[in-house]
Amino acid sequence: MGIMTAGSALGSPDPKPPLETLTEGMAGLGDELEDISEGLVSIFQEKMVNDIYLLRLDGTLEQIDKVPEGKVHLKTYGIDGGFVPPLKTYLTRNQVGYSLRHNDDVILLDAGAKTILKDKEILENADAMLLSHIHLDHIIHIWQIAENMPAGTPIYSPSRISGLNNLKIVGPRSHQKIKSFHIEKSLTMHSIVNYAYKIHVGGKTICYTGDANYTKGLGNFCKDSDLILTECTHNDKNFDLIDSHMSPDEVIKLAYRAQPRLMLMSHFKYVTPEKAEELVKEEFQNVMSAKPGMTIVIE
Ligand SMILES: [Zn+2]
Ligand SMILES: [Zn+2]
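Residues numbered from 1 in each chain as written. Chains lettered and ligands numbered in written order. Predicted model: local features only at pLDDT ≥ 70, side-chain atom pairs only at ≥ 80, totals over all residues.

Participant: So what exactly am I meant to see when it comes to helix H9 (residues 248–258) here?
Facilitator: For an α-helix, 3.6 residues make a turn, and residues three or four places apart therefore share a direction. Buried residues of H9: Pro-248, Glu-250, Val-251, Ile-252, Lys-253, Leu-254 and Ala-255, and no others. Gln-259 occupies a position one or two residues after H9 and carries a positive phi of about 50°. (Buried ≥ 20, exposed ≤ 12 C-beta atoms within 10 Å, placed from the backbone. Helix = DSSP H or I, 4+ residues; strand = E, 2+ residues; numbered from the N terminus.)

This is how it looks when you write it as structure tokens:
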């Protein structure tokens, strides 16, 4: 049984399960526990940056000083992905977590980034949290984040998580409207149920893969996006057949099929952000590795 599928605990009044509780039934985590040490590069201690980039219509990026009024923008808080033993590193690494904002409308994507807890302004303005899936690198801070969002803020998830009063399980086919965001979902190839999100807002389209292997279906789903926020876990083609994550090779395939204005990579584990960017750039120019604290404004 997966540790996060303990249905009896859904909506329980116990708001913050200790890490020991979270890590019971580790076998349910599947591949994230098996691929633990060989070739590992990503125990990052990333510095937060405050860089802001304007994504121009021609796909080029220009560094700017502040976010212009009325523009859709994506902020990346953490870029670590996967599991790195021991289990307590889930609490110390800065795993994936993002915000997408248009004027006063804010949605959060995944809850693995400890650094988002310092951004009180974004948490107080959150209209919803969307979870791609319930592997711990994507949800480890969800209980604390829930406490810091306005009371009643919905948390949408494909699967159950204990101790969250406002958790709403949503199916893959339901389209959602949250403030000015229109949200589509697609199942990806991963070791547990994972949603890729396609989010339309302010005349722009942003895709977030969550955790996924490359498939043509994912490429088709992500077509017509201004920006694709993709995972890039591996640095080895050999992983392709046995694992449900992407390497730079697969990010290239996704880029070729979907042709976004920008591929933004995150969820690094066996490849450094620098190496991933170098490898993908050989085939697809408009690519960038995310940094914690970075903002992309979409023109
Ligand atoms: Zn992950
Ligand atoms: Zn995962």
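Participant: I would appreciate a short explanation of the sheet that holds strand S5 (residues 105–109) in the present structure.
Facilitator: Whenever strands of a sheet pair, they do so through backbone hydrogen bonds, lying parallel or antiparallel. Spatially, nine strands are ordered S2-S1-S16-S3-S4-S5-S6-S7-S8 in an open sheet, and the strand pairing comes out mixed. Each edge of the sheet is formed by a strand with only one pairing partner; in this case those strands are strand S2 (61–64) and strand S8 (167–169). Taken over all neighbouring pairs, the strand axes of this sheet differ in orientation by 25° on average, direction set aside. Here strand S1 (residues 52–55) pairs with S2 via four bridges, running antiparallel. By the bridge assignment for S2, Tyr-53 is matched with Gln-63. (Pairing = 2+ DSSP bridges. Axes fitted to C-alpha atoms, helices over the stretch in contact; angles between N-to-C directions.)

Participant: Help me understand unusual backbone geometry in this model?
Facilitator: A negative phi angle is the norm for most residues apart from glycine, just as the trans form is the norm for most peptide bonds. In this structure, Pro-86 follows Pro-85 across a cis peptide bond, with omega equal to 0°. By the element assignment, Pro-86 lies in the loop between strand S3 (72–78) and helix H3 (89–92). Of note, Asn-103 is a non-glycine position whose phi angle comes to about 50°, a positive value. Mapping Asn-103 onto the fold places it in the loop between strand S4 (97–102) and S5. The phi torsion at Lys-179 lies on the positive side, around 50°, for a residue other than glycine. Position of Lys-179 among the secondary structure elements: in the loop between strand S9 (176–178) and strand S10 (181–187).

Participant: Help me understand the nonpolar core, please; the structure alone is not making it clear to me.
Facilitator: Across soluble globular proteins, nonpolar side chains show a tendency to be buried alongside one another. Met-129, Leu-227, Leu-229, Val-251, Met-263 and Leu-264 are the most contacted members of the largest nonpolar core, which totals 75 residues. Looking at which element gives the most residues to this core, the answer is strand S11 (residues 195–201), with five residues. Setting aside residues no more than four positions away along its own chain, Met-263 makes contact with Ile-228, Thr-230, Val-251, Ala-255, Val-280, Phe-284, Asn-286 and Val-287. (Core = buried A, V, L, I, M, F, W, Y, C linked by C-beta atoms within 7 Å. Contact = placed C-beta atoms within 7 Å.)

Participant: Could you clarify how one ought to interpret the sheet that holds S9 in this entry?
Facilitator: If you trace the seven strands from one edge of the open sheet to the other, you get S9-S10-S11-S12-S13-S14-S15, paired in mixed fashion. The two strands at the open ends of the sheet, each matched to only one other strand, are S9 and strand S15 (287–289). Taking each pair of neighbouring strands and ignoring which way they run, the sheet shows an average axis angle of 20°. Where strand S14 (residues 262–266) and S15 come together, three bridges link them in parallel fashion. Paired with Met-263 across the strands is Val-287, a residue of S15. Each of strand S13 (227–231), S14 and S15 touches H9; the most contacted strand, S13, lies at about 160° to it. Across the sheet, helix H10 (residues 273–281) lies against S14 and S15, angled at about 170° from S15, the strand it touches most.

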